[in-house]
There are 2 protein chains.
Amino acid sequence: MKKILVVGLGLIGGSLAMALKGFEDYEIVGAARRQATVDYANAHGVGDRATLTLGEELPQADVTILCMDPDGIVDFLRSHRAEFKPGSLVTDVCGVKSAIMTGAECLPEEVDFIGCHPMAGTEFSGIEHAFAEMFQHSHLILTPRETSRLEHIALMERMARYIGCRDVVKTTPQEHDAILAYTSQMMHVIAVSVCDDENLFTCRGFEGSSFRGCTRVAALDVELWTQLFSLNAPALTMCLDTLLAHLKEYRDVIASGDREKLNAKLALSAGRKREMDLPGPDLLS
Amino acid sequence: MKKILVVGLGLIGGSLAMALKGFEDYEIVGAARRQATVDYANAHGVGDRATLTLGEELPQADVTILCMDPDGIVDFLRSHRAEFKPGSLVTDVCGVKSAIMTGAECLPEEVDFIGCHPMAGTEFSGIEHAFAEMFQHSHLILTPRETSRLEHIALMERMARYIGCRDVVKTTPQEHDAILAYTSQMMHVIAVSVCDDENLFTCRGFEGSSFRGCTRVAALDVELWTQLFSLNAPALTMCLDTLLAHLKEYRDVIASGDREKLNAKLALSAGRKREMDLPGPDLLS
């Protein structure tokens, strides 16, 4: 039996270990650093089994999925680079890709690395919030190396399908990071900035789904997002400058009292969104 | 049998007429201006019946719920002020309250008016998107007059419970508008501003739930939101200035590369959000 090793059983790693159970002829092994996490995983069927003794598993894993924060992944690659099974595939789940792909350059030539970012998650962290359905209908982004083996890319695509992803998108680490600054990191900066308003606590009872939708992710994992923002700072700063300019335009036309201009501006923006046509989260929950 | 007249069978009016069916001993009558809307309503059980002939219904309605846009409500109050049943209750569903309460001052003394704003809705408009469950778990805000009859407030509270609202909050029109600028109108300005980014269409396949949650409402009803923003422009402008300042602070600390400061700032914002503890929309849909 072949083996997939999920290193790090937090929200994403835990969910992945649950979602991958039963995938082809692979045993799904979870590795964690704390006994309590291993106990939780074994009690709740997170993967086929969970263990503290990573050293025994790593040299036998056909696929190793690194599910720590970016710094943790880069550290892990450096300190364990000689322990991966030759011919095996190493991948990750992290929200920046350039820093990870650079970190993976230390791997021996016979170990393949494909960057991976499933566009899924919640504002919670920890294995106790993990659930097998997390990846249903979400995009999965791959940043293969130029030398990545086609059979490994095909394997990633089968795993993506198995865990319920809507599609698999292949791109470069640079393009991933440029776009994710906009679609993900900036959304988190907006959410925390909205929550910095002194009216936050007085608005209880006055909020609807637009407020909950926009601010949900503000309850973020502080250490993780400090890393994600920092490792993608130039792209994120550019996106924020663009947003500040667009918000300021709306602020000025609203303050001016020019209804006609506001109407035309809203028609343009709303038309763009309708053309984009993304499904929103369910409002009835 | 008593009668509740829902004037305007769009997204909110249609949903309300559906949700109110069976409420106590009231007949739920919907009034619309277009035959197609009336036909749709009668075919889909929106209320007990729908009609084009408002003039016959209005003088007999014990409760009249105005479900048009703000300008439409103010116009309606002025042009029909002599037709409401003496002793009856008139209310509305609109997202600004000062302008509506001022508009309602034209009503004769024997007609009561209570401002109402159910914190529910979707980014769609029109009766074909209406659904009876829309108000489940949402807040309902009331802005009664000082002279509003207690039995009318109690009636509104019973209706709110019947359609599934989580709670009923009473406040002044001024406070409503100040807070809603923050919790609702600003969320819509954020959503459209994010969609103004030239990267919008290239980000397909790279978006997750945070992006969908933040931008969902950008596909807004342009005429309605032009009115809502304009009628609450001073409060909304103030909120946007605060947001611009908070976003700029994040932009600067991210650009500076000072990880420690960023970490501390995120810890503060995320802590505020956790203390707020609002449920987010379901992510699994």
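Relevant structure appears above.
A brief look at the structure comes next. Being a predicted model, the structure only gives us computed values, none of them experimental.

1. Thoughts on the overall build of chain A
When helices and strands are tallied, chain A shows eleven helices and eight strands. Here chain A has a C-alpha radius of gyration of 21 Å; the compact-globule value for 285 residues is 19 Å, and the two agree. In chain A, the share of contacts with a sequence separation of at least 24, taken over all contacts with a separation of at least 6, comes to 71%.

2. So, the interface of chain B and chain A
Listed by partner, the interface residues are 88 residues for chain B and 88 residues for chain A. Those elements giving two or more residues to the side of chain B that touches chain A turn out to be β7 (139–144), β8 (167–170), α7 (173–195), α8 (209–215), α9 (222–231), α10 (233–256) and α11 (259–276) of chain B. Considering each element in turn, the side of chain B that touches chain A owes the most residues, 15 residues, to α10(B). Tallied by class, the residues present in the side of chain B that touches chain A amount to 45 nonpolar, 27 polar and 16 charged.

3. Regarding the sheet that holds strand β8 (residues 167–170) of chain A
All names here are of chain A. Here eight strands make up an open sheet; going across it, the order is β3-β2-β1-β4-β5-β6-β7-β8 and the pairing mixed. Edge positions in the sheet fall to β3 (49–51) and β8, since each has one partner strand and no second. Ignoring which end each strand starts from, the neighbouring axes of this sheet average 25 degrees apart. Pairing analysis gives four bridges linking strand β1 (residues 2–7) to strand β4 (residues 63–66), with the strands arranged parallel. Bridged to L5 within β4 is T64.

4. So, the environment of A:Y40
Residue and element names in this part refer to chain A. By the secondary structure assignment, Y40 is in helix α2 (residues 35–43). Judged by the 19 C-beta atoms lying within 10 Å of it, Y40 falls in the partly exposed class. It is 7.8 Å that separates the C-alpha atoms of Y40 and I127, two residues lying 87 residues apart in sequence.

5. Details of the sheet that holds strand β5 (residues 89–92) of chain B
Residues and elements named next belong to chain B. A sheet is described by the order of its strands in space; here eight strands give the open sequence β3-β2-β1-β4-β5-β6-β7-β8, paired in mixed fashion. Two strands lie at the open edges of the sheet, namely β3 (49–51) and β8, each paired on one side alone. Each neighbouring strand pair of the sheet contributes to a mean axis angle of 25 degrees, computed without reference to strand direction. Where strand β1 (residues 2–7) and strand β2 (residues 26–31) come together, six bridges link them in parallel fashion. Paired with V7 across the two strands is A31, which belongs to β2. Sitting on the sheet, helix α2 (residues 35–43) touches β2 and β3, and the angle it makes with β3 is about 175 degrees.

The rules behind the values
Residues numbered from 1 in each chain as written. Chains lettered and ligands numbered in written order. Predicted model: local features only at pLDDT ≥ 70, side-chain atom pairs only at ≥ 80, totals over all residues. Helix = DSSP H or I, 4+ residues; strand = E, 2+ residues; numbered from the N terminus. Rg over C-alpha atoms; globule rule 2.2 N^0.38 Å. Contact = placed C-beta atoms within 7 Å. Nonpolar A, V, L, I, M, F, W, Y, C, P; charged D, E, K, R; others polar. Pairing = 2+ DSSP bridges. Axes fitted to C-alpha atoms, helices over the stretch in contact; angles between N-to-C directions. Buried ≥ 20, exposed ≤ 12 C-beta atoms within 10 Å, placed from the backbone.

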